[in-house]
Amino acid sequence: MPKPKAIIIGAGIAGIASAIRLSIKGYDVDVFETNSKPGGKLGEIKMNGFRFDAGPSLFTMPQYVDELFKLAGKNPEDYFKYIKLKEVCRYFYEDGLRLNATSDLNKFARDIEEKTNSTAAEVQRFLKKARQFMRLHIAFF
């Protein structure tokens, strides 16, 4: 009996992850990408001797990358060494607001409360909903 066939349009991180998962489930997968290389928003631009990230500057959920590697029978530690940072990034807004995003979510929520009209409790509720959404979204596959 022939394998079921799947076609993935786009070789960004979601397309690549989908192709890996479908392939592991026994599908014959073809991935189509319009750009000359995969990666989508994980790309880079090289110009005049400089390198610029073309996409996200944060890597917030390494457990899902690890999961893909493990599903494919690979040890993610052979490819990645993660270092959890206390300060994740800094946000600068036109009105002068500056926020330092930390890996301590309580501290981050308090910082937002001190500098904006949102309360720490509102920020915590939002972050909880975002976590639930991500769990549901990822559990879909």
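Presented here is a report on the structure given in the accompanying data block. Nothing here was measured: the structure is a model prediction, and the numbers come from that model.

**A word on the overall build of the protein**
Looking only at helices and strands, the protein has 4 helices and 6 strands in total. For the protein, the sequential pattern of α-helices and β-strands runs β-α-β-β-β-α-β-β-α-α. Seen along its three principal axes, the alpha-carbon backbone of the protein occupies a region of about 60 × 45 × 30 Å. Burial status across the protein gives 18% buried among its 141 residues. Across the protein, the fraction of contacts at a sequence separation of at least 24, relative to all contacts at a separation of at least 6, is 24%.

**Regarding the pairing of strand S2 (residues 28-32)**
Pairing of strand S1 (residues 5-9) with S2, which is carried by 5 bridges, proceeds in the parallel orientation. From the neighbouring strand, Lys5 faces S2, where its bridge partner is Asp28. Considered for its hand, the β-α-β crossover made up of S1, helix H1 (residues 13-24) and S2 is right-handed.

**Observations regarding the nonpolar core**
By size, the foremost hydrophobic cluster in this structure holds 10 residues: Cys89, Leu97, Leu99, Ala101, Phe108, Ala109, Ile112, Ala120, Val123 and Leu127. Elements with a minimum of two residues in this core: strand S6 (98-102), helix H3 (105-115) and helix H4 (120-139). With residues up to four places along the chain from it excluded, the contact list for Phe108 reads Asn100, Ala101 and Thr102.

**Description of the packing of H1 against helix H2 (residues 62-71)**
Where H1 contacts H2, the two axes come as close as 10 Å, and the packing angle between them is 30 degrees. Considered as vectors, H1 and H2 are oriented roughly parallel to each other. For the pair H1 and H2, the sense of crossing is left-handed. Touching Ala17, Ile20, Arg21 and Ile24 of H1 are Glu67, Leu68 and Leu71, all from H2. Across the contact of H1 with H2, the residue classes tally to 5 nonpolar, no polar and 2 charged.

**Examining the packing of aromatic side chains**
Centre-to-centre distance and the angle between the planes together describe a pair of aromatic rings. Counted according to the given criterion, the structure contains 4 aromatic pairs. Look at Phe69 and Phe80: their rings are 5.3 Å apart centre to centre, the planes differ by 85 degrees, and that puts the pair in the edge-to-face class. Residue Phe69 is located in helix H2, and its partner Phe80 is located in the loop between H2 and strand S5 (87-92); the two are separated by 11 residues in the primary sequence. Three or more aromatic residues joined by ring pairs form one cluster here, namely Phe69, Tyr79, Phe80 and Tyr82.

**Side note on a nonpolar patch on the surface**
On the surface, a nonpolar cluster with roughly 420 Å² of combined accessible area is contributed by Ile45, Met47, Phe50 and Phe52. For the nonpolar patch, the secondary-structure elements that each account for two or more residues are strand S3 (44-47) and strand S4 (50-53). Tracing the backbone through its elements, the reader meets Phe52 in strand S4. Exposure remark for Phe52: the relative accessible area of 42% places this residue in the partly exposed category.

**Topic: H1**
With 12 residues, H1 should reach 16 Å at 1.5 Å per residue; the first-to-last C-alpha distance of 17 Å fits that figure. Close packing links the buried residues of H1 with S1, S2 and H2. Positive phi appears at Gly26, one or two residues downstream of H1, with a value of about 100 degrees.

Calculation rules
Residues numbered from 1 in each chain as written. Predicted model: local features only at pLDDT ≥ 70, side-chain atom pairs only at ≥ 80, totals over all residues. Heavy atoms only, no water. Helix = DSSP H or I, 4+ residues; strand = E, 2+ residues; numbered from the N terminus. Buried < 20%, exposed > 50% of the residue type's maximum accessible area, 1.4 Å probe, protein only. Contact = heavy atoms within 4.5 Å. Pairing = 2+ DSSP bridges. Right-handed = clockwise from strand over helix to strand, strands pointing away. Core = buried A, V, L, I, M, F, W, Y, C linked by side-chain atoms within 4.5 Å. Axes fitted to C-alpha atoms, helices over the stretch in contact; angles between N-to-C directions. Parallel < 35°, antiparallel > 145°, perpendicular 65-115°, else oblique. Left-handed = near helix turned anticlockwise from the far one by under 90°. Nonpolar A, V, L, I, M, F, W, Y, C, P; charged D, E, K, R; others polar. Phe/Tyr/Trp six-rings, centres within 6.5 Å; stacked < 30°, edge-to-face > 60°. Patch = residues over 30% accessible without salt bridge, like charges linked within 9 Å, V, L, I, M, F, W, Y side chains within 5 Å. Areas by Shrake-Rupley, 256 points an atom, 1.4 Å probe, with all protein chains shown as cover. Salt bridge = Lys/Arg side-chain N within 4 Å of Asp/Glu carboxyl O. Expected span 1.5 Å × (residues − 1).

These values are about where atoms sit, not about what they do.
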